[in-house]
Amino acid sequence: MPFVNIRIVKQVIENDPEGIKAKVQSDVTASLAEAAGIPAENVWVTFDEIDESDWFAGGERVKDLRANS
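What comes next concerns the included structure. (Residues numbered from 1 in each chain as written. Predicted model: local features only at pLDDT ≥ 70, side-chain atom pairs only at ≥ 80, totals over all residues. Heavy atoms only, no water.)

A closer look at helix H1 (residues 17–36)
This is how it is decided: Numbered from the N terminus, helices here are DSSP runs of H or I no shorter than four residues, and strands are runs of E no shorter than two. Multiplying 1.5 Å by the residue count of a helix minus one yields the expected span of that helix. Buried means the residue's accessible area, taken with a 1.4 Å probe over protein chains only, is under 20% of the maximum for its type, while exposed means over 50%, and partly exposed covers the values in between. Taking the helix axis as origin, the arc is that swept by the directions to the C-beta atoms. Residue contacts are defined here by distance: any two heavy atoms, one from each residue, within 4.5 Å place the two residues in contact.
Its 20 residues place the ends of H1 28 Å apart at the C-alpha level, agreeing with the 28 Å of an ideal helix rising 1.5 Å per residue. Buried residues of H1: Lys21, Thr29 and Ala33, and no others. Seen end-on, H1 carries its buried residues on one side only, within an arc spanning 80 degrees. Those residues of H1 that are exposed and angled more than 90 degrees off the buried face are Lys23, Glu34 and Ala35. Against strand S2 (44–50) lie the buried residues of H1. In the segment just after H1, Gly37 is the residue with positive phi, at about 65 degrees.

Structure representation (structure tokens):
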């Protein structure tokens, strides 16, 4: 049974967290089920929402990177 853990900056989905998560998990589930040839109900998907001030990329806070983009 595949287990997919998706980490996402919570501010990226703050306008529609339930809708975005529903769409992402649906697409991931369908893709993995098709690729592995398994029933979709055997694919588990979870989300970890990380605050942008707690996530770093290239030594910089994602919060700062997003502010400068």
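Back to the write-up after that little detour.
What about the environment of Gln25?
Tracing the backbone shows Gln25 in helix H1. For Gln25 and Ile6, which are 19 residues apart along the polypeptide, the C-alpha to C-alpha distance reads 9.1 Å.

Re the pairing of strand S1 (residues 3–9)
Within a regular strand, side chains alternate between the sheet's two faces. Quick reminder of the rule: Pairs of strands are assigned from DSSP output, requiring at least two bridges between the strands.
Here S1 pairs with S2 via seven bridges, running parallel. By the bridge assignment for S2, Asn5 is matched with Thr46.

With respect to the pattern of salt bridges
Keep this limit in mind: A pairing counts as a salt bridge when a side-chain nitrogen of Lys or Arg comes within 4 Å of a carboxyl oxygen of Asp or Glu.
In the structure shown here, the tally under the stated rule is five salt bridges. Put simply, Asp51 and Lys10 hold a salt bridge, and the shortest N to O gap is 4.0 Å. Highlighted residues: Asp51 in the loop between S2 and strand S3 (56–57) and Lys10 in the loop between S1 and H1, separated in sequence by 41 residues. Since its relative accessible area comes to 21%, Asp51 is described here as partly exposed. Close ionic contact of Glu49 with Lys21 constitutes a salt bridge, the shortest N to O distance being 2.5 Å. Of this pair, Glu49 sits in strand S2 while Lys21 is found in helix H1, placing the two residues 28 residues apart along the sequence. The class for Lys21 is buried, based on a relative accessible area of 17%.

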